[in-house]
Structure formats: structure tokens, C-alpha cells
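Summary of the model geometry
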Amino acid sequence: MIDMIAKLLKILNSDAEPGQISIAFCFAMIAGLTPLYSLHNLFVLLIVLLFRVNLSGFILGWAIFSGCAYLLDPVFHRLGYAVLTMSSLEALWTFFYNIVLLRLENFNNTVVMGSFIISILLFLPLYFLLNFLIQKYRTHFIGWIQKTRIAQIIKASKIYAAYQGLME
Amino acid sequence: MKKWIRWQGIVAFLVIIVVLLGFFFLFADTLVKKGIEAAGTKAVGAKVELADVTISLSPAGGEIKGLQVTNPSKPMENAVEVASIRFLLDAPNLFQRKIVIKEMGADGVLFNTQRKHSGAVKTQEKQSKKTESQKALKKEKWLPTFDIKDIQSILQKEKLVTLEEVKKLEAEINQGQKTFEKKLHSLPNRKTFEQYKVRVEKLQSGSKGIQGIIGKARDIPKLKTDIEKDINKIKNAEKDLNKTMVNLKKRIKNVSQGPSKDFHRLKKKYGITSQGLGNMTGLIFGPEYSVWVTKGLYWYGKLRPILEQSLGNEGDEEAKEPERGKGMNIRFKEDIPVPDFLIKNANISLEIPAGEIAGEIKNITKDQHITGLPLTCELSGKKLEKFESIYINGTFNHVVPSRTEERIKGTIAGYRVQDMPLSDSEELSLALKKARVDINFQASIKGNHLDSNMTFNLSSVSLSSDKTKNPNQVSKAIGSALANVSSFSVSAKIIGPLNNYDVKLTSDLDKVINKAIYGLVRQLQADFQKRLNKEIVAKTNGPLKSLTSDLGGYNQIKKELNNRSNSGKNILRDLKKLM
């Protein structure tokens, strides 16, 4: 846990563009919330590797969102079930069902569908939110926090020592 | 744009793909093995283990070696063990997540083999239900022993209605007698008539003058009236007494028929009848047959869910929460419907103690409604160790899930039996020393209703009965009769719902057995009845006689009434002479 926080701090304080970090977390959300064996995760992996997406952020985000996925599975199932059994979309799903690639994607699984929908819906909002937060962190938070007494205490703590170790 | 693209990423991506594919190729066998073991264990409820799995890509297929499926109710025993299973897959369907096995061959199928270690699964509930023993007929005393129960103990235990009636009637007679005796006291008696006599004599000897005549004319009618009145009282009492006596005599006559009624009642209750001898076949063969039927149905119950499409609707699906992280697969209409799992054709060879039986099973799938074809199986074997031949043909039709039907029929020819115990109960020791058995069977299960018929034709039969172990006349008679039997047939019918079926066993052995003990039964019946009758008569004779003598009291009263009446009449006659 301490290591994870240190890694997060390292990413936030690095020279990487906020956009790169944000998009890494957004793709990590897709990969982390949806089941790992889903075909679309290969596509996500290709994008993450091909484009300058912050890999550390992606890996860290994937770990965080995988943990969240376990807790949110019942929600994914209910949403996926509702979407897949919607009569207005039945024709679309039937068409997809008869396409081999999409069958391999396992789109007709309720957890896959539910988690995919949620991760896509949250993609852009999360991107903009993280962008905003990272910029705010870098602009205001770092300078202010270093001046506070708490910062002095934290600097003396194990978290900071781990952080320093990573920086080196 | 260049700033955003990391071309090395493609290389990294390709490396990852290659690593994944390499991992798959290296560990596919292990992954498939683990997958089959996990799925099989979950389905069976006990350990399913494989020795080795080999997967090939071209042609798509593989081989499974050393499959062991543990018997859930006997963890140290395998329900089935298969030496080798080879299969060819329909590769394109794999991309649609469908497992379609075009051809499968299974060799060395064994049943009930011993395991080296327990195959119990921790979460498995111990199914120690012994359905076999539950359904099997209990081996209690089932032969009528025809023990002649001690007559005295019967008569001590049972109340004779005759004696009860006699007691009752006796009490009534005594009560009635007392009533009449009391009445007698209130009636005119000898003293009264003596007084009348004196008055008559007085009148006779009275003055002969006019005054005397006038006096007589006045007294005589009055006296006559008094006497007639008293005579009438006595006559009425006599009438009542006669009526009562007639009634009592009638009742005594009825009661005297009581011993006969008591005899018939007790004869029916304690006597020996031939009703219990109707289905000796069921009693001899039933327990063992029931065990096999129950065993067969138990395994049918285990296999049926594996091959059965679960019937339900979408509402039910939603009601069931899936395992966390697994979700639920929603099915849609396919352009070319294919079941999720299908074995089109399986050639199997089974090794049973008698030898090898080989055959073919087709269309193994839970989704018969998609294929439109039922599961069929055909097995046969020839020149086996104990059989001449065996042939089994079966159909498992779940094409229409609401109208399911399973059928099986077959023959086993020339099965040689040796030293097979038929009955080892303490009442009858009977064994089939040797016989040749030809069996025809057919069974069908429609929905939940079972209808089955099996015929066993036995020839070259040698039945033996250990006379030292047969304790009573009946078992001895049966044993002797059966020793002469050289052939017989047994028919077994099972009809009814799967959880409450009736087993009916009939055989031409019943006639042989009934004939043997019929004479014995008749003789014992006659003896019992004779003795019972004698005892009842002895017990009731005395009390019945005393009833008749009890009427003597009434006769005395009648005589007295008669005397008084006559006295009155005599006096009246004398009086009339004076008029």
C-alpha cells in the first residue's frame, strides 16, 4: 500500500503530461474493470503501448481498478443483464452474436457488457477530472504542502523514504 | 503526431502476444487438464482426475489418459475409470466458444474400481443416503409359519360372546323371577280363597227362610264378583308370566347358537388361510431385485441432470445470482444453431467382469432442442465369459424439454448362474445352484413416470434348499417342491413415478409352491378348527345348560298361579250351585 502511494506520488510529480497520466488511468479503468480475458483488452494494450501513455500510471491504475471491479461485479452484472435483455436492442445483439470476433469478445456475458459500458461512460469524465486534479496538484498543492508542518512530519516518515528511494 | 506515437510499442505488443501464445502452447495441456478436472469435479460432486492430457492443433483434438471419476457416495471408489479418450474437435466452432467433438473414442472403460486416495471434495455433503437399503424390501419374517397357536391361550385372550350373553340373560331371568315372586305375594293366595270357601260354606249352611234367601241373593253376586276379580288377577299374572317365559325361551335358543358364531369368528382371526401365499416370487426374489432397481435409478438420477437442459425462463435466470466475477451468458438466436457442447459420435468399449462390450453413443449434448436429435446408444458384446451375448439399445430424447422420454431395451442371452443365493432368511434357505438365464428387458421413462418390464427365463435350473436351515413345515415343503424344478420364468414389472414406483414380480414358481403347501394348509386348517370347536363347546356347554334350568323358578311360579286359579274356580263352581 505504501509502495503504491509512493508510486502514485512519483507519477504525479514526474515530467509526464497530465494528459498522458489521465489517459493511462482511463485505459487502466477499462482493462481493470472488465474481465482480463476480454478481447478488447488486447486492443487497449496495443493503444497503451503504441501511444505515449504513461505505462506506470496504466499499471498502477489497472491494479487499483481490478480491486474495484471485484466489489462492483454485482452492479456490472445487473447493468449488463438489463442491457442485453432489452428488447429494443435484441436485433443488434443477435447480429453481434453471429459475428465470430464479437463472440470471442464474449460481449453476451453480463459482467463483460456491464463493466465495458461503465468504463466507456466514465472514460471522458475521468480523463477531464484527472487532468484537472493533476494540474491543481502540481500548481497549488505541492508548494503549499511543503510549507506545512505535516509535510515536515511526512518527510520524516517511511512513505517519503520510499518515495525518495523511487526517485533515486 | 510523432510525439504521441511510440513505435517501439508495436514491438512490445508483438512480444507480449508471442509470449502469451508461447505460454498457451506450452501450458495448453495443463490448462485443459485443470479445466476438465475443475468442471468435472463441480458437476459430479467428487474428484475427477486425469493422468495426462495431450492437445493437438492439427487436426484439432487431443487425448485424455487415465480419467477417474470418483463415486460421490463412495470416495475410495471410482464410479468410472477410462484408460484413454481420443477426440477430434470441430475447430471453427471453438471460436464461437462451442465445443463440438466430431469423433470420440474411449477405451478401457471400467466401473467401480478402487482408488489409492479419497476422492471426496471438502464442500461435498456426505451423501450417505442408502437408497438401496431404503427401497429394498426388509428381510423380515415373511413366510407364514402355520404355527398352531395354543387354543387355550386364544380362549384366554379372547372373550367368548356366548358367555357374555349367557351372563346377561341369567341376570335378566333372575331379575324377572324376583319380580314375579313379588307379584305373587300381592296376588290373592290360598288364605284368600280359604276365606272365600268359608263364606261360601256359610252361605250354604245359612237360614233357608225368606230372609235367608234375600240374604243369599244379596251376598252371592258380591262374592261371585270378588272371586272372579281375584281369578282374573291371577289369570293376568299367568298371562304375563307365559309371555315372559316364551320370550326367555326364544332368547335362550338364540344364545345357544352363540358357540357357533364364536367359533367362526375365532377361526377367521386365528385360522390359517392361503391368502399370504399369493406372491411367493416377490418374497423370494423381491429384495435383491429391488436393490438393483434402486441402484439403477440412483445412477439414472445422477446422469440425467448432466444431459438435461435446465428448464427455466428469463425471470428465473435473473433470480439466480451468478458466481462473482463470472456473470451470466445470455444466448441469442444463431444463424446456424450449434449446442455449446456436443459429442456427435462416441465409440466406447466397456470392460465388465464378464468381458468387453463395445458400442456407439451419438449426439451427447444438453441442447437436444438445438440439434433436434436425441441421444442414442447401442452396445453389444459376444462370447463373454458368463454371457453368450448382450445387446443394449437406448434413446434419451429431450428434444422437446417439456416432453422428455428415455427408452432402453435389450437382451442378455445365455447368462450362466452358479451358486446364487436367492433367500438367506432364517425361514427359508434357498439357492440357485446353476441355471442358464435369458433376459429381455425394456424400460421407458416419460417425464417422471417409469414403466419397465423384464423377463428372466431360466433353464437347466438346479435349486437347492438346505433342509437343516429350514425350520418349519412350510419352508420344508417349499424346499422339497422347488428341488424338482428344472425351468421357470420370472417377470418383473415396475410402474409408477420415479420416487414412488411399484415393483411387481410374478413367476410360474408360485404355482409350484402353492401346490406344494396347499395340502399342508388344508390339513392344518382342519386340525385347528376341530380343536377350537371342541374347546368352545366345552366352555359354553355348562353355562347354557344352567340357563335352561334357571327357568325352573318360573315354572314353580306358574304352578302356584295355576293352583290358585283352580282353587278360585272350584270355589266359584260351588258358589254357582247355590245360585
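Residues numbered from 1 in each chain as written. Chains lettered and ligands numbered in written order. Predicted model: local features only at pLDDT ≥ 70, side-chain atom pairs only at ≥ 80, totals over all residues. Heavy atoms only, no water.

**Considerations on the overall build of chain A**
Let me state the cut-off plainly: A helix here means a DSSP run of H or I that spans at least four residues, while a strand means a run of E at least two residues long, and both kinds are numbered starting from the N terminus. Each residue gets one of three labels from its accessible area relative to the maximum for its type: buried under 20%, exposed over 50%, partly exposed in between, using a 1.4 Å probe on protein chains only. For this analysis, residues touch if any pair of their heavy atoms sits within 4.5 Å. A 1.4 Å probe and the Shrake-Rupley method give the accessible areas. Residues count as covered only by the protein chains that appear here.
Along the backbone of chain A there are nine helices and zero strands. The N-to-C order of helical and strand elements in chain A reads α-α-α-α-α-α-α-α-α. In chain A, which comprises 168 residues, the proportion classed as buried is 43%. For chain A, the share of sequence-separated contacts (at least 6 apart) that also reach a separation of at least 24 residues comes to 79%. Carbon and sulfur atoms form 73% of the exposed surface of chain A, whose accessible area is close to 9200 Å².

**Description of the overall build of chain B**
When you go through chain B residue by residue, the secondary structure sums to 14 helices and 14 strands. Buried positions account for 38% of the 579 residues belonging to chain B. When contacts within chain B are restricted to residue pairs at least 6 apart in sequence, those whose partners lie at least 24 apart make up 67%. Carbon and sulfur atoms provide 55% of the accessible area of chain B, an area that totals close to 34800 Å².

**Things to note about the environment of Q152 of chain B**
Structurally, Q152 of chain B can be placed in helix 4 (residues 151-157). For Q152 of chain B, a relative accessible area of 36% translates into the label partly exposed.

**Some points on the interface of chain A and chain B**
Inclusion rule: When two parts are brought into contact, each loses some accessible area as probed by a 1.4 Å sphere; the total of that loss over both is the buried area. The salt bridge definition used is simple: a Lys or Arg side-chain nitrogen within 4 Å of an Asp or Glu carboxyl oxygen. Residue polarity is assigned by list, with Asp, Glu, Lys and Arg as charged and Ala, Val, Leu, Ile, Met, Phe, Trp, Tyr, Cys and Pro as nonpolar; anything else, Gly included, falls into the polar class.
Opposite the 34 residues of chain A that make contact, chain B presents 33 residues. Buried area between chain A and chain B, summed over both chains or domains, comes out near 3300 Å², and the portion from carbon and sulfur atoms is 57%. On the surface where chain A and chain B come into contact, there are one salt bridge. E334 of chain B is the partner of R103 of chain A in a salt bridge, and the nearest nitrogen-oxygen pair spans 3.3 Å. Those elements that provide at least two residues to the side of chain A that touches chain B are helix 3 (40-50), helix 4 (55-84), helix 5 (90-97), helix 6 (100-105) and helix 7 (110-147) of chain A. Of all the elements, helix 4 of chain A adds the most residues to the side of chain A that touches chain B, at nine residues. Considering only residue class, the side of chain A that touches chain B consists of 19 nonpolar, nine polar and six charged.

**Considerations on the nonpolar core**
All names here are of chain B. So the rule is basically this: In these notes, a set of buried Ala, Val, Leu, Ile, Met, Phe, Trp, Tyr and Cys residues joined through side-chain atoms within 4.5 Å is what counts as a nonpolar core.
One finds F456 and F488 to be the most contacted residues of the largest nonpolar core, which totals 68 residues. Looking at this core element by element, the count peaks at seven residues for strand 11 (residues 429-446). Look past the residues within four positions of F456 in its chain and what remains in contact with it is Y289, V437, D438, I439, F488, S489, V490 and A492. Counting 30 residues, the second largest nonpolar core, distinct from the first, contains L169, Y196, V255 and Y554.

**Thoughts on the packing of helix 5 (residues 161-186) of chain B against helix 7 (residues 210-255) of chain B**
Residues and elements named next belong to chain B. The test is simple: Convention adopted: a line fitted to C-alpha atoms gives each axis, helices being fitted over their contacting stretch, and angles between N-to-C directions are expressed from 0 to 180 degrees. Throughout this description, any angle smaller than 35 degrees is read as roughly parallel, any larger than 145 degrees as roughly antiparallel, any in the 65 to 115 degree range as roughly perpendicular, and the remainder as oblique.
Axis separation between helix 5 and helix 7 bottoms out at 11 Å; the angle between their running directions is 170°. Considered as vectors, helix 5 and helix 7 are oriented roughly antiparallel to each other. Only A237, D240, L241, T244, L248, R251, I252 and V255 of helix 7 make contact with helix 5, whose side of the interface consists of T162, E165, V166, L169, E172, I173, F180 and K183. Of the residues belonging to the contact of helix 5 with helix 7, the class tally is nine nonpolar, two polar and five charged.

**Comments concerning the pairing of strand 8 (residues 375-382) of chain B**
Residues and elements named next belong to chain B. Inclusion rule: DSSP-based pairing: two strands are paired if at least 2 bridges between them are found.
Side chains L375, C377, L379 and G381 of strand 8 all project onto a buried face; the interleaved residues T376, E378, S380 and K382 project onto a face where none is buried. Strand direction decides the pairing type here: strand 7 (residues 355-364) and strand 8, joined by five bridges, are antiparallel. Across the sheet, E360 pairs through a bridge with E378, a residue of strand 8. By the bridge criterion, eight bridges tie strand 8 to strand 9 (residues 389-397) in an arrangement that is antiparallel. Residue pairing in the sheet places S380 in a bridge with Y391 of strand 9. Joining the antiparallel neighbours strand 8 and strand 9 is a turn of six residues, in which K383 adopts a positive phi near 50°.

**Looking at a nonpolar patch on the surface**
Formally: Note that patches include only residues with greater than 30% relative accessible area and no salt bridge, and the join distances are 9 Å for like charges and 5 Å for nonpolar side chains (Val, Leu, Ile, Met, Phe, Trp, Tyr).
On the surface, a nonpolar cluster with roughly 840 Å² of combined accessible area is contributed by L21, F23, F24, F25, L26, F27, L31 and L57 of chain B. Here L57 of chain B lies in the loop between strand 2 (52-56) and strand 3 (61-71).

**With respect to helix 14 (residues 552-578) of chain B**
All names here are of chain B. The line we're drawing: To estimate how far a helix should reach, multiply one less than its number of residues by 1.5 Å.
Under the 1.5 Å per step criterion, the end-to-end length of helix 14 is 40 Å for 27 residues, consistent within 8% with the ideal 39 Å. Along helix 14, the residues classified as buried are G553, Y554, I557, E560, L561, R564, S565, G568, I571, L572 and L575. Buried residues along helix 14 sit against helix 5, helix 6 (190-204), helix 7 and helix 13 (509-550).

**Details of the pattern of salt bridges**
For the structure shown, the criterion picks out 19 salt bridges over all chains. Here E158 of chain B makes a salt bridge to R265 of chain B, at a shortest N to O gap of 3.5 Å. One end of the pair, E158 of chain B, is in the loop between helix 4 and helix 5; the other, R265 of chain B, is in helix 8 (residues 258-270), and 107 residues separate them in sequence. Since its relative accessible area comes to 11%, E158 of chain B is described here as buried. Since its relative accessible area comes to 32%, R265 of chain B is described here as partly exposed. Taken together, the shared-partner salt bridges in this structure form one network comprising R103 of chain A together with K98, R331, E334 and D340 of chain B.

**Quick word on the pairing of strand 7 of chain B**
Regular strands place side chains that alternate from one sheet face to the opposite one. Residues and elements named next belong to chain B. Across nine bridges, the pairing between strand 6 (residues 341-352) and strand 7 is antiparallel. By the bridge assignment for strand 7, S349 is matched with A358. Where strand 6 folds back onto strand 7 in an antiparallel hairpin, the turn is made up of two residues.

**Some thoughts on unusual backbone geometry**
Residue and element names in this part refer to chain B. Of the consecutive residues S58 and P59, the connecting peptide bond is found in the cis state with omega at -5°. By the secondary structure assignment, P59 is in the loop between strand 2 and strand 3. Phi angles above zero are rare outside glycine, and S460 is one such case at about 50°. Relative to the helices and strands, S460 resides in strand 12 (residues 449-465). S460 gets classed as partly exposed once you look at its relative accessible area, which sits at 47%.

**Regarding the confidence of the model for chain B**
Detail in the predicted coordinates should be disregarded across regions flagged by low pLDDT. Residue and element names in this part refer to chain B. Heads up, the rule is: Per-residue confidence from the predictor is reported as pLDDT, a score between 0 and 100.
Within chain B, residue pLDDT values average 82, and 85% of them lie at 70 or more. Under a pLDDT of 50 for its full length, residues 124-142 has, in the predicted model, 36 contacts with residues more than four places off or in other chains. Per-residue pLDDT stays below 50 along residues 310-319; that stretch engages in six contacts with residues further than four places along the chain or on separate chains. This complex was scored by the predictor with a pTM of 0.61 and an ipTM of 0.78.

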